[in-house]
Amino acid sequence: MTPDGGRKAHVSFPFFRPLRALAWLLAVLALAGCVRIAVHGNPEAWADDMADALSPPLRVATYNTSLYDEAAGGLVARLRAGDADARNIAAVLQRVRPDIVLLNEFDYDADGTAADLFQRDYLGVAQPGGGDPLRYPYRYLAPVNTGVPSGLDLDGNGTVGGEQRSRGNDAWGYGLHPGQYGMLVLSRFPIDAEQVRTFQQLRWSAMPGARQPRDPATGQPWYPPAVWQQLRLSSKSHWDVPVQTPMGTVHLLAAHPTPPVFDGPENRNGLRNHDEIRLWAEYITPRPAPWLCDDRGRCGGLPADARFVIAGDYNADPHDGDGEPGAIAQLLDHPRVDAGFVPRSAGAVERARQRGIDRKGDTAAHTGDFGPRSGTLRLDYVLPSDNLRVLDGGVFWPAAGTPGAAIIESSDHHLVWLDLRFD
């Protein structure tokens, strides 16, 4: 791990790591020519270990980019005109150089124009403060619930739709236009598009034991029955994106649950956040789940032997913030998740000290700064399955005055990454 959390060799010398591995192998072979080596046990296993040592790890990342606009088509217009924030986001990606990355808050358009422009004019061009151009041959994007009108009075104000925030509150997921705060997966390796599963339309009421919001004054359900039966669980979407890496298939489980704020005493957003996180906990639990049906009608969870990485902005800190107690622990403590390695940064410690807000958790693990009232929190996660091995990781949040610090302020979140191998 380099001080700035990136692949330092790849920024200036993309050929360095393969040459280093080749030199190491030649040294081993030269030694073998002079010294008789006895290989005990399984020679094929020894060869596999050698190949594993020489192959680069799989770097998986998540980054809430804040590349959204309040107007439909606004992000496309900004990217065409030249956008300073997009240049900074691209520079961060060029420094860290993930093999697979989930971008949260990247506005969706059906033609993929924003994704095309971001790849061609930003990632594909060496950015100030970044590194060499970065190309992702494969990507996945799909519709999300944000900004899509529900035709229902979801905020309980007596009207359907309206202007600005009122309109957004009555969308399936809060947004001022369809696709706002969308998601985008970029990959160096092929995506098995036929096996992608999306859960955009899964109804909250379908989840056994769903935490249905209630009016604290009466104890009655906050949503009328006709609304509750239709309300979608995912505020954006939940995606299972299988990626065919050189080591084998890895399922990227991507999501961006709603913030547990901007509601009332009924806590409808806090409870929805909890159950959006629970969706993945149920999905990776090896037991029958006939209610867990994707948008193509396929039901059930992930096979017990599958390798996966849960990634995204989950809007839930393990110890602090406004989320429901135990919300993110549903994943951190899950027996199929290896959450033992916690990515950290020096910048998070520095910013938390500046904010001066008391925290129960480790501020070095925080992934964003959300202003003087909310302070720093850990909201973004890359969580591998227990049949993947974590080699390294970090949060790209350099301290002030260190390399990379000039390009990190275009989002209130910071990129989180892990280097992984198959066990």
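Look above for the structure.
In every chain, residue numbers begin from 1 and rise along the written sequence. Two thresholds apply to this predicted model, a pLDDT of at least 70 for residue-level local features and 80 or more for giving and counting side-chain atom pairs, whereas whole-chain, interface and lining totals are computed over all residues. Hydrogens and water molecules were not included; the side-chain quantities draw on all heavy atoms of the structure.

*Asks:* Tell me what's going on with the pattern of salt bridges, and back it up with residues and numbers.
*Replies:* Any two side chains of opposite charge can pair, on the condition that their charged atoms come close. We define a salt bridge as a contact between a side-chain nitrogen of Lys or Arg and a carboxyl oxygen of Asp or Glu at a distance within 4 Å. Applying the stated criterion across every chain yields a total of 18 salt bridges. A salt bridge links Arg78 to Asp69; its shortest N-O distance comes to 3.5 Å. Salt-bridge contacts for Glu409 lead to Arg351; the nearest nitrogen and oxygen are separated by 3.2 Å. With Glu409 in the loop between β12 (388-395) and β13 (416-422) and Arg351 in helix α11 (residues 346-355), the pair connects residues that are 58 residues apart, well separated along the chain. Taken together, the salt bridges that share partners define one network made up of Arg351, Arg355, Asp369 and Glu409. Counting from the N terminus, the helices are the DSSP runs of H or I reaching at least four residues and the strands are the DSSP runs of E reaching at least two.

*Asks:* Provide a residue-level description of α11, including the pertinent values.
*Replies:* For α11, every residue scored as buried is listed here: Gly347, Ala348, Arg351 and Ala352. Taken down its axis, α11 places every buried residue within 130° of arc, on the same side. Of the exposed residues in α11, those oriented more than 90 degrees away from the buried face are Ala346, Arg353 and Gln354. By definition in these notes, contact holds between two residues if any of their heavy atoms fall within 4.5 Å. Lining the buried residues of α11 we find β9 (368-369) and β10 (376-377). A side-chain oxygen of the first residue of α11 lies 3.1 Å from the backbone nitrogen of Ala348; this N-cap is Ser345. Positive backbone phi, approximately 70°, marks Gly356, located one or two places after α11. In this scheme, a residue with accessible area under 20% of its type's maximum is buried, one over 50% is exposed, and one in between is partly exposed, where area comes from a 1.4 Å probe on protein chains only. By construction, the arc corresponds to the directions joining the helix axis to the C-beta atoms. N or O atoms closer than or at 3.5 Å make up a polar contact, with two conditions inside protein: a donor-capable atom paired with an acceptor-capable one, and, for residues adjacent in sequence, both atoms drawn from side chains.

*Asks:* If you had to explain the pairing of strand β7 (residues 248-255) to someone new, which residues and values would you point to?
*Replies:* Of all 8 residues in β7, 6 are buried; the element is thus mostly enclosed. Where strand β6 (residues 239-245) meets β7, 7 bridges bridge the pair, whose relative direction is antiparallel. Each bridged residue has a counterpart across the sheet, and for Val241 the counterpart in β7 is Leu252. Between β6 and β7, which pair antiparallel one after the other, the connecting turn spans 2 residues. Relative to strand β8 (residues 308-313), β7 is paired through 5 bridges, and the arrangement is parallel. Bridging across to β8, Leu252 finds its partner in Val309. A clockwise path from the first strand over the helix to the second, with the strands pointing away from the viewer, defines a right-handed crossover. With helix α9 (residues 268-283) bridging β7 and the parallel β8, this β-α-β connection has right-handed handedness. The rule for pairing is simple: two strands pair if DSSP sees at least two bridges between them.

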